[in-house]
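# Architecture at a glance
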Amino acid sequence: MVRVRFAPSPTGMLHVGSLRSGLYNYLFARHMGGACILRIEDTDQVRFVEGAEQNILEMFAWAGIEFDEGPHVGGAYGPYRQSERTAIYREHAQFLIERGTAYYAFDTAEELERMRERQQQAGIAPKYDRSSMRNQFTLGEEETKRLLESGTDRVIRLFVPLTGETRTSDIVRGESVFANRTIDDQILLKSDGFPTYHLANIVDDHLMEITHVIRGEEWLPSLPKHVILYDAFGWDRPQFAHLPLLLSPERKKLSKRDGDVAVSDYKEKGFLPEALVNFVALLGWNPTADREIFPMEEMISMFDLAKVNKAGAIFDIEKLNWMNGMYLRELPVERLAADMQPFMEQAGFNGVDPAYAAKVVNLVKERIHFVKDIPLFADYMFGPVKNFDEEYAAKHWKPETAGQMLELADRLETLDEANWITEKIDGVVRAHAESLGISAGKLIHPMRLSITGKRVGAGMFETMEVLGRTESLTRLRAYAQR
Ligand code: GLU
């Protein structure tokens, strides 16, 4: 069975690139009928950021991506948090020492620094020099034993063969060959007893029976080391797939300078999770060339790791904006109304009936790009008109208009609640215009002004239907009699 994992480090707010890694793992697992687990890689105490794990969990929940195992929002935490598994990594480092594929080293930070300086001066690439530094090999068995027993600071390093080659294979990148002499003797266990990313990651992928490692391209340089580490344990390797970098429109690695990179920024700006998920899915993968809107179910059925591109994917915010509009028109209005709720509160509209909010969403959704814009665009639907557009009034409010509006209100009042519907309102307005010998447009401008205060909005009669009979008539009369 296919088993994949998303293994974020809680070092900051969830990045859109990480959302894509998590999503691809999820799509692949669902497509293959396998499992997608969440593993928080939190053994690096220095880079740990408070609240980052919570943010990861919340953003995936918001995006509609559910993991099969691992911690859950609001529930008890699952077993997959590396900081709770450090004993396992220590045991495994010990196991490598016994196999002779890892070794102890006792160098101080200063000694390592001097080594790097020497290498720099000699113009050679920085790499741990096993033959000259203080380790198990240079110190000999007796001295090593003595240092270990006396509690001297030590690390455990991977023993990388000095000769030969390491071959790696990647679903996206194909085969690569690395000369072993270029690969560093990676520290596996630090002097504080914590594992490095490399050790914990490989031990867990093995113990958790991960079949495919799907992650960002920034991990590609670690791949030869990881392959050697699998060999050092005598374990079979999973398959690897490294996803292309996310690029700015200038084709540079996407960074904060290019705009928002945290998923929560997009949430706060009012993007729909469906749109963001669809958008990030296409950063490196194209199911078919003829369209771009793919709901989650369709992406699951079409997902194919073999079709993931090598080339960097450009993060085009314009496309995301467009996609948001597409989803806005497609999603059920009740859902959109629920998404609008926090923005309603921000705008000070509390306690609005959800069914009414959904009607307003339906009314204006063709005219806006973001759900968050609705409380501003259609504020008059949730409370009294705050400002009347004076310029619009000057243009469309004539000396005779007030009388026409009051008469219109009387005519409209003949429609009872049950008949207060778009078509009937339309009929009354047109009949009134006809009796005055003017076009209906001449009435609609001042009506819009009286009822909404604005010059643009959804259809006037639809707006009145949603706003309701009493409120519409009250506003028509109030403005005419102001
Ligand atoms: N913890 C690593 C990260 O934050 C995981 C990389 C991997 O998937 O192996 O990206």
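Data block above holds the structure.
Structure report, in brief. These numbers come from a predicted model, not from an experiment.

### Some points on the side chain of S450
Locating S450 in the fold gives a position in helix α18 (residues 440-452). Looking at S450, the relative accessible area reads 2%, which means it is buried. A distance of 2.7 Å separates a polar atom in the side chain of S450 from the backbone oxygen of P446.

### Details of the site of the ligand
The environment of the ligand is made up of R5, A7, P8, S9, E41, Y197, N201, R215 and W219. The side chain of Y197 places a nitrogen or oxygen atom 2.8 Å from an oxygen atom of the ligand. The cavity that encloses the ligand is the largest pocket. Among the residues forming the shell around the ligand, the class breakdown is four nonpolar, two polar and three charged.

### A look at the nonpolar core
Within the largest apolar cluster, 112 residues are counted, with the highest numbers of intra-cluster contacts made by L23, M381, F382, L412 and M447. Looking at this core element by element, the count peaks at eight residues for helix α1 (residues 16-32). Setting aside anything within four residues of it in sequence, one finds F382 in contact with M340, M344, F349, V352, Y356, A357, V360, I374 and P375.

### Examining helix α20 (residues 469-480)
Over its twelve residues, α20 runs 17 Å from end to end, which matches the ideal 16 Å to within 8%, given 1.5 Å per residue. Taken residue by residue, α20 has R469, S472, L473, R475, L476, Y479 and A480 as its buried positions. Buried residues of α20, viewed axially, fall in a sector of 160 degrees; they line one side. The secondary structure elements touched by the buried residues of α20 are α15 (390-396), α16 (401-413), α18 and α19 (460-467).

### Some remarks on the packing of aromatic side chains
For any pair of aromatic rings, geometry is given as the distance between the ring centres together with the angle between the planes. As enumerated under the stated definition, the model contains 20 aromatic pairs in all. Ring centres of F6 and F60 lie 5.0 Å apart, and the angle between their planes is 55 degrees; this geometry places the pair in the tilted category. Placement of the pair is F6 in strand β1 (residues 3-6) and F60 in helix α2 (residues 52-63), with a sequence separation of 54 residues. The same class applies to F6 and to F60, which are both buried. R20 extends its terminal NZ or CZ atom over the ring of Y24, reaching a point 5.8 Å from the ring centre. Lying over the aromatic face of F159, R130 brings its terminal NZ or CZ to 3.9 Å of the ring centre.

### Details of the sheet that holds strand β3 (residues 102-105)
Strand order in the open sheet formed by three strands is β3-β4-β7, with antiparallel pairing between adjacent strands. Of all the strands in the sheet, the pair left with one neighbour each is β3 and β7 (187-189). In this sheet, neighbouring strand axes are inclined to one another by 45 degrees on average, regardless of whether the strands run parallel or antiparallel. Examined bridge by bridge, β3 and strand β4 (residues 155-158) share four bridges and lie antiparallel to one another. Residue A102 lies in a different strand from β4, and its bridge partner there is L158.

### Describing the pairing of strand β5 (residues 165-170)
Here β5 shows one buried face, formed by T166, T168 and D170, and one open face, formed by E165, R167 and S169. In this sheet, strand β6 (residues 174-179) lies alongside β5 in antiparallel orientation, the contact comprising six bridges. Bridge pairing links T166 to F178 in β6. Once β5 ends, the chain turns through three residues before running back antiparallel as β6.

### Points about the pattern of salt bridges
Counting across every chain of the model gives 31 salt bridges. In this structure, the salt-bridge partner of D204 is R39, at a minimum N-O distance of 3.7 Å. One end of the pair, D204, is in helix α6 (residues 197-207); the other, R39, is in the loop between β2 (35-38) and α2, and 165 residues separate them in sequence. A residue is classified by how much of its surface remains accessible, and R39, at 0% relative accessible area, is buried. For D185, the salt bridge is made with R130, and the minimal N-O distance between the two is 2.8 Å. Placement of D185 in the loop between β6 and β7 and of R130 in the loop between α4 (109-122) and α5 (136-149) is noted, with a sequence separation of 55 residues between them. This pair shows no difference in class: D185 is buried, exactly as R130 is.

### Describing the packing of α18 against α19
Viewed as axis vectors pointing N to C, α18 and α19 meet at an angle of 30 degrees, and their least axial separation amounts to 11 Å. Of the possible angle classes, the one that applies to α18 and α19 is roughly parallel. Every pair of crossing elements has a handedness; the one defined by α18 and α19 is left-handed. Contacts between α18 and α19 involve I444, M447, R448, I451 and T452 on the former and, on the latter, M460, F461, T463, M464 and L467. Residues that form the contact of α18 with α19 fall into these classes: seven nonpolar, two polar and one charged.

### Here's the deal with the layout of surface pockets
In this model, the largest pocket occupies a volume close to 1,200 Å³. Take the lining of the largest pocket: its biggest share by element is five residues, from α1. Counted by class, the lining of the largest pocket contains 17 nonpolar, 14 polar and eleven charged residues.

### Examining the pairing of β2
Taking every second residue as pointing to the same face, both faces of β2 are buried, with A35 and I37 on one and C36 and L38 on the other. Between the parallel pair β1 and β2, the chain is carried across by α1, and the sense of this crossover is right-handed.

### What about the packing of helix α17 (residues 422-436) against α18?
Where α17 contacts α18, the axes come no closer than 8 Å and their chain directions differ by 120 degrees. It follows that α17 is oblique to α18 by the angle criterion. The crossing of α17 and α18 is right-handed. Residues V429, R430, H432, A433 and L436 of α17 pack against A440, L443 and M447 of α18.

About the cut-offs
Residues numbered from 1 in each chain as written. Predicted model: local features only at pLDDT ≥ 70, side-chain atom pairs only at ≥ 80, totals over all residues. Heavy atoms only, no water. Helix = DSSP H or I, 4+ residues; strand = E, 2+ residues; numbered from the N terminus. Buried < 20%, exposed > 50% of the residue type's maximum accessible area, 1.4 Å probe, protein only. Polar contact = N/O pair within 3.5 Å; in protein donor to acceptor, adjacent residues only side chain to side chain. Near = heavy atom within 4 Å. 1 Å grid on protein atoms, 1.4 Å probe; cavity = no way out; pocket = protein on both sides within 12 Å on 5 of 7 lines; lining within 4 Å. Sits in = over half its atoms within 2 Å of the grid points. Nonpolar A, V, L, I, M, F, W, Y, C, P; charged D, E, K, R; others polar. Core = buried A, V, L, I, M, F, W, Y, C linked by side-chain atoms within 4.5 Å. Contact = heavy atoms within 4.5 Å. Expected span 1.5 Å × (residues − 1). Arc of directions from axis to C-beta. Phe/Tyr/Trp six-rings, centres within 6.5 Å; stacked < 30°, edge-to-face > 60°. Lys NZ or Arg CZ within 6 Å of the ring centre and 35° of its normal. Pairing = 2+ DSSP bridges. Axes fitted to C-alpha atoms, helices over the stretch in contact; angles between N-to-C directions. Salt bridge = Lys/Arg side-chain N within 4 Å of Asp/Glu carboxyl O. Parallel < 35°, antiparallel > 145°, perpendicular 65-115°, else oblique. Left-handed = near helix turned anticlockwise from the far one by under 90°. Points joined across faces, edges and corners; volume = space filled by probe spheres on them. Right-handed = clockwise from strand over helix to strand, strands pointing away.

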